[in-house]
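In case you want the letters, here they are:
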Amino acid sequence: MARAHETTSGRLLPTNSPAAVWAAIGAVLFAAQAGAFFGFVVSAFGDLLAVTPLPGAAFVTAVEAAVEQIPTLLSRDVIPNDGYWNGSRWVGTFLGLPPGLAWGIRAALVYLYAFAFAGWGILGYRLYRREYRTADWTPRDDMIDRFRGHKWGIFGLVVVFMFVVMAVFAPVLGPTTVDENMRNSYSNEITYWDSDAEAVQTTLVGEANLASQSRGDNPERVLPMEYDDFGRFHPFGTLPSGQDLFTFIVSGSRLSLVIGLLSVGLSAGIAASLALVAAYYKGRTDLGLVLASDSVMAMPQLLLLIMLTTVLSGTWLAEIYSGGFVLALIFAGTGWTYMWRSLRGPALQVAERQWIDAAQSFGQRPLTIMRKHMLPYITGYLLIYGSMTLGGAIISIAGLSYLGLGIAPPTPEWGRAINLGQDYVATGSWHISLIPGLLITLVVTGFNALGDGVRDAIDPQSDATTEDGAAGRGGGA
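Residues numbered from 1 in each chain as written. Predicted model: local features only at pLDDT ≥ 70, side-chain atom pairs only at ≥ 80, totals over all residues. Heavy atoms only, no water.

Novice: Whenever I open this one, the packing of helix α12 (residues 283–298) against helix α14 (residues 324–351) confuses me. Can you help?
Specialist: Their axes nearest at 9 Å, the elements α12 and α14 cross at an angle of 135 degrees. When the interaxial angle is binned, α12 and α14 end up oblique. The element α12 and its partner α14 pack so that their crossing is left-handed. Residues Asp286, Leu289, Val290, Ser293, Asp294, Val296 and Met297 of α12 pack against Gly333, Thr334, Trp336, Thr337, Tyr338, Trp340, Arg341 and Arg344 of α14. (Axes fitted to C-alpha atoms, helices over the stretch in contact; angles between N-to-C directions. Helix = DSSP H or I, 4+ residues; strand = E, 2+ residues; numbered from the N terminus. Parallel < 35°, antiparallel > 145°, perpendicular 65-115°, else oblique. Left-handed = near helix turned anticlockwise from the far one by under 90°. Contact = heavy atoms within 4.5 Å.)

Novice: How do you make sense of the pattern of salt bridges when you look at a structure like this?
Specialist: Note that side chains of opposite charge can pair when their charged atoms are close. Summed over all chains, the structure comprises 11 salt bridges. For aspartate 141, the salt bridge identified is with arginine 129, shortest N-O distance 3.6 Å. Of this pair, aspartate 141 sits in helix α6 (residues 139–148) while arginine 129 is found in helix α5 (residues 99–132), placing the two residues 12 residues apart along the sequence. For aspartate 141, a relative accessible area of 1% gives the class buried. A salt bridge links arginine 133 to aspartate 141; its shortest N-O distance comes to 2.7 Å. Ionic contacts of the salt-bridge type, sharing partners, join the residues Arg129, Arg133, Asp141, Asp145 and Arg148 into one network. (Salt bridge = Lys/Arg side-chain N within 4 Å of Asp/Glu carboxyl O. Buried < 20%, exposed > 50% of the residue type's maximum accessible area, 1.4 Å probe, protein only.)

Novice: Quick question: what am I supposed to make of the packing of aromatic side chains here?
Specialist: Each aromatic ring pair is specified by the distance between its two centres and by the angle formed by the two planes. All told, the structure shown has 18 aromatic pairs when counted by the stated rule. Measuring from ring centre to ring centre gives 5.6 Å for tryptophan 85 and tryptophan 90, while their planes differ by 65 degrees; the resulting arrangement is edge-to-face. On the basis of relative accessible area, tryptophan 85 is assigned to the partly exposed category, the value being 30%. A relative accessible area of 16% places tryptophan 90 in the buried class. Their ring planes at 75 degrees and their centres at 4.9 Å tell us that tyrosine 192 and phenylalanine 230 sit as a pair that is edge-to-face. (Phe/Tyr/Trp six-rings, centres within 6.5 Å; stacked < 30°, edge-to-face > 60°.)

Novice: Any chance you could explain the nonpolar core here in plain terms?
Specialist: Looking at soluble globular proteins, one finds that nonpolar side chains tend to be buried together. Counting 97 residues, the largest nonpolar core has Phe169, Leu173, Trp340, Leu343, Met374 and Trp414 as the members making the most contacts within it. Here the element with the most residues in this core is helix α11 (residues 245–281); it accounts for 18 residues. Apart from residues no more than four positions distant in its own chain, phenylalanine 169 is found in contact with Gln33, Ala36, Phe37, Val110, Tyr113 and Arg254. Grouped together as the second largest cluster of nonpolar side chains are five residues, Ile190, Tyr192, Ala208 and Phe230 included. (Core = buried A, V, L, I, M, F, W, Y, C linked by side-chain atoms within 4.5 Å.)

Novice: What should I look at first to understand unusual backbone geometry in this one?
Specialist: Peptide bonds are, in most cases, trans, and in most cases residues other than glycine have a negative phi. At methionine 225, a position not held by glycine, the phi torsion is positive, near 65 degrees. Mapped onto the secondary structure, methionine 225 falls in the loop between α10 (205–210) and β5 (226–227). On the basis of relative accessibility, which here comes to 54%, the residue methionine 225 falls in the exposed class. Phi angles above zero are rare outside glycine, and lysine 282 is one such case at about 55 degrees. By the secondary structure assignment, lysine 282 is in the loop between α11 and α12.

This is the structure:
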């Protein structure tokens, strides 16, 4: 249904060009943290190309070094929390505040900025819907309205959004850096106040970590929201090695997100392509794919994982993301069957529609028909099962890291943190395993809740009560 263009900019923005103001606000928001966005993208590609024989690795490394020089508003340099007590006041911290408070301000501003950016995106959609879209209504409006009223889905969206923000802004959110606290701890120094000597002293980070180890009930352990003897604040406490647990977790979130997106993206691409082919050609093609999927599902995934990681351990593939790239390939190669079975039904339904016969009668090629007339129909289901599969991929990565497979130590990963603290669960160092375990549960629940919300928004009959009183679930979920 079309309508005449009516300007309502006065209700949204006080200007005759609301799109220009909206774009200007977005440019300011992006410029404030451009270095963080570019750093996330460049580091992801840099880690991939650094160990491959492909050309361009040196160029990406140079770009990564240049990106690090881009000023950002919410950075460790602007709001520092690395400082020391000189006997009368804090030196080197933001506004002379205690390190814990300075870190809390920086973390709160990062999430405030992220939610402001999300609000800018929502404002842009509302602006387009009211000011520039010709149609007064589209089916997408009903889906969005249904999702807005889905509290469980909104909860999942918020959790997933906060997890993504953690991954993107990991270097800023940590109270310290991975290089300083973990990789090169004996190449970095810290300054602290020695209460016994009543003087400012300097020591290596590695030596400070040895004196801050959380090992059971030892008096040196550092619990969540505590300072160690060197004036360093640890939001989640320390590891058995004395390293900061929060920095370990935020760095591991970036690795989990990249590997999860890669594995789910590959699985979704394989599953969608084969579902369209099976639905279009049917017959022997469909039967062959069914047999192929049954054969892949019959393979023991854990045994296959152990075998492939062992075989590929000496190759350059095992060096990408510390073995995470191999995990992504294995997950994609063995997990596409479940998503394919979920997409096959909707694809077979759309293949029987009259517009498919009309497109064939007009002489359109099969690839064009599948891409233009069939793929949009299953895209919603692809989003549903992709979001649910991503949560499963994250928990699988954590589980394998807990078993010592996949992600090679000492790379930060949530499952490895649980493994490091399993001997201290019943002691005073309970936080090492409990905190990452709770975060894994929360993130996976968030992805599942988001998938539920998207499913119910796309298919409002998926939660309809059946005749016998049972709640039916659409799409095979």
